[in-house]
Amino acid sequence: MPEVLSKGKLFDPVLVTDLISKVQGKSSLAKLSKQIPLAFNGNKEFIFNLDSDIDVVAENGKKSVGGVSLDPIVMLPIKVEYGARISDEFMYASDEEKINILKAFNDGFAKKLARGLDIMALHGLNPRTKTASTVIGDNCFDKKVTQTVTFDGKDADGAIENAVNTVEAADGEVSGLAIDPSFRAILAKTTTDAEGKGVRLYPELRYGGNPASINGLALDVNKTVSAETTNKAYVGDFAEMFRWGYAKNIMFETIEFGDPDNTGKDLKGYNQIYLRAEAYLGWGILVPEHFAIVKQGA
């Protein structure tokens, strides 16, 4: 049997830092929420709720029960990978040229990782096949978040307002907003009068704008919001009620032999090598009731 794995190593710390920085810039969820260290065997996040308000007690007065509830949320890392075939001339290139190739691969992997995080955590899909992933199961917004608002295709501002009210009615806070580009286009055209002749309410969204915030809410515009769905926006407490992270170091391999991508083409037979990167991502929606989804309606 030929040796399939010729060389394996970890991405160096500089490349890992650069990769995660790019993920945070391209992923709506990573941009709007907190990244936490994730253990390889998973994390257990606790939702600690004090059930009552504080109590006024008179001198020598009797104290009453406050009450507390503690709900654990388990965040398990999921293995994801991306690989590509390139000419085996990579093996004979100068160290400087190899570094340039690895930087380019790192840049591409960061973009795919960012897009993948959103598609997995928002919709529960395998990013490559665009089908529901049994590995992810119900651990995604589309299955856990039951509060939805119907968007009529015209009043985008009203839909967001209704979504915010829905979250607040469930005792939640609203810290962020992720929207689809088509939804942004409608918001950008919204004016102070019904006929569209007044002052634009969101001029910063025109011409593909993606400001860091809008009306005090953290914002990101991303195609991943609607991927394979009719969803137009996600509203809620991303800052406190959603967590994500990556476990272990990010593995990088240079494979010289075999058929690692199962295409039926032997690497040596085609004078190729295979570059593969693997990461372990995990996330948790701590309180689904503190989010709402805006969906396209009739």
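Calculation rules
- Residues numbered from 1 in each chain as written.
- Predicted model: local features only at pLDDT ≥ 70, side-chain atom pairs only at ≥ 80, totals over all residues.
- Heavy atoms only, no water.
- Helix = DSSP H or I, 4+ residues; strand = E, 2+ residues; numbered from the N terminus.
- Contact = heavy atoms within 4.5 Å.
- Phe/Tyr/Trp six-rings, centres within 6.5 Å; stacked < 30°, edge-to-face > 60°.
- Buried < 20%, exposed > 50% of the residue type's maximum accessible area, 1.4 Å probe, protein only.
- Salt bridge = Lys/Arg side-chain N within 4 Å of Asp/Glu carboxyl O.
- Pairing = 2+ DSSP bridges.
- Core = buried A, V, L, I, M, F, W, Y, C linked by side-chain atoms within 4.5 Å.
- Arc of directions from axis to C-beta.
- pLDDT = per-residue confidence, 0-100.
- 1 Å grid on protein atoms, 1.4 Å probe; cavity = no way out; pocket = protein on both sides within 12 Å on 5 of 7 lines; lining within 4 Å.
- Points joined across faces, edges and corners; volume = space filled by probe spheres on them.
- Nonpolar A, V, L, I, M, F, W, Y, C, P; charged D, E, K, R; others polar.

Mind showing me how you'd approach the environment of Lys268 here?
Residue position: Lys268 is located in the loop between strand E13 (242-255) and strand E14 (272-285). For the pair formed by Lys268 and Asp88, sequence separation is 180 residues and the distance between their alpha carbons is 8.6 Å. Look past the residues within four positions of Lys268 in its chain and what remains in contact with it is Glu256 and Phe257.

Looking at this model, I keep getting lost on the packing of aromatic side chains. Mind explaining?
In this description, a pair of aromatic rings is defined by centroid distance and the angle of the planes. In the structure shown here, the tally under the stated rule is seven aromatic pairs. Plain terms: the ring middles of Phe141 and Tyr234 are 6.0 Å apart, the flat faces sit at 80° to each other, and that makes the pair edge-to-face. With a gap of 93 residues between them, Phe141 in helix H4 (residues 141-144) and Tyr234 in strand E12 (residues 231-236) connect regions that are remote in the sequence. We classify Phe141 as buried; its relative accessible area is 0%. With a centroid separation of 5.0 Å and an interplanar angle of 90°, the aromatic rings of Phe141 and Phe291 are classed as edge-to-face. Taken together, the residues Phe141 in helix H4 and Phe291 in strand E15 (residues 291-296) connect sequence positions 150 residues apart. On the accessibility criterion, Phe291 (1% relative accessible area) is buried.

What's the story with the pattern of salt bridges in this structure? I'm lost.
If charged atoms from side chains of opposite charge come close, those side chains can pair. Summed over the entire model, instances satisfying the criterion amount to eleven salt bridges. The closest approach of N and O atoms between Lys232 and Asp180, which form a salt bridge, is 4.0 Å. Pair noted here: Lys232 is in strand E12 and Asp180 is in the loop between strand E9 (176-179) and helix H6 (181-189), with a separation of 52 residues, a long-range link. A residue is classified by how much of its surface remains accessible, and Lys232, at 16% relative accessible area, is buried. Taking relative accessible area as the criterion, Asp180 reaches 7% and is therefore assigned buried. Beyond isolated ion pairs, a larger network of salt bridges with shared partners links Lys34, Glu240 and Arg243.

Could you clarify how one ought to interpret the sheet that holds strand E8 (residues 148-151) in this entry?
Where strands meet in a sheet, backbone hydrogen bonds hold them as pairs that are either parallel or antiparallel. Strand order across the open sheet formed by six strands is E8-E15-E12-E9-E11-E10, with mixed pairing between neighbours. Because the sheet does not close on itself, it has two edges, and the strands there are E8 and strand E10 (213-214). Pairing of E9 with strand E11 (residues 217-221), which is carried by four bridges, proceeds in the parallel orientation. Across the sheet, residue Leu177 finds its bridge partner in E11, namely Leu219.

Could you clarify how one ought to interpret the pairing of E13 in this entry?
Remember that side chains alternate between the two faces of the sheet whenever the strand is regular. Of all 14 residues in E13, ten are buried, a share of seventy percent or more. Bridge count between strand E2 (residues 34-35) and E13: two bridges; the pairing is parallel. Paired with Gln35 across the two strands is Trp244, which belongs to E13. Relative to E14, E13 runs antiparallel, the two being bridged by eleven bridges. What sits directly across from Trp244, in E14, is Trp283.

Help me out: how do you make sense of the nonpolar core in this one?
Most often, soluble globular proteins keep nonpolar side chains buried together rather than apart. Core analysis: the largest hydrophobic core is formed by 43 residues, its most contacted members being Phe141, Phe242, Trp244 and Trp283. Put simply, the parts of the chain that give this core at least two residues each are helix H1 (13-26), helix H2 (28-32), strand E5 (78-87), helix H3 (95-123), helix H7 (238-241), E13, E14 and E15. With residues near it in sequence (within four places) discarded, Phe242 still touches Leu29, Ser33, Lys34, Ala121, Phe141, Asp237, Trp283, Gly284, Ile285, Leu286 and Phe291. Within the second largest apolar cluster, 24 residues are counted, among which are Leu177, Leu187, Leu219 and Val221.

Whenever I open this one, the pairing of E11 confuses me. Can you help?
Here E11 lies mainly inside the structure; four of its five residues are buried. In sequence, E10 turns back onto E11 through a hairpin of two residues, with Asn215 there showing a positive phi of about 50°.

How should H6 be read in this particular structure?
Because each turn of an α-helix spans 3.6 residues, side chains separated by three or four positions in sequence point in the same direction. Listing the buried residues of H6 in full gives Phe183, Arg184, Leu187 and Ala188. Around the axis of H6, the buried residues are gathered within 140° of arc, so they sit on the same side. In the core, the buried residues of H6 are packed alongside E8, helix H5 (156-169), E9, E11, E12 and E15.

I would appreciate a short explanation of the confidence of the model for the chain in the present structure.
Any residue range with low pLDDT should be treated as having predicted coordinates unsuitable for detailed reading. Looking at the chain, the pLDDT average stands at 85 and 87% of residues meet or exceed 70. Throughout residues 1-7 the model reports pLDDT below 50, and contacts reaching past four residues in sequence, or to other chains, amount to eleven contacts.

Whenever I open this one, the layout of surface pockets confuses me. Can you help?
Gaps left between atoms show up when a probe the size of a water molecule is rolled over them. If you add up the space inside the largest pocket, you get close to 510 Å³. What lines the largest pocket is a set of 22 residues, and nearest its centre among them are Val80, Glu81, Asn126, Pro127 and Arg128. Only E5 and H3 provide two or more residues apiece to the lining of the largest pocket. In terms of residue count, H3 provides more of the lining of the largest pocket than any other element does, eight residues in total. The residue makeup of the lining of the largest pocket, split by class, is twelve nonpolar, four polar and six charged.

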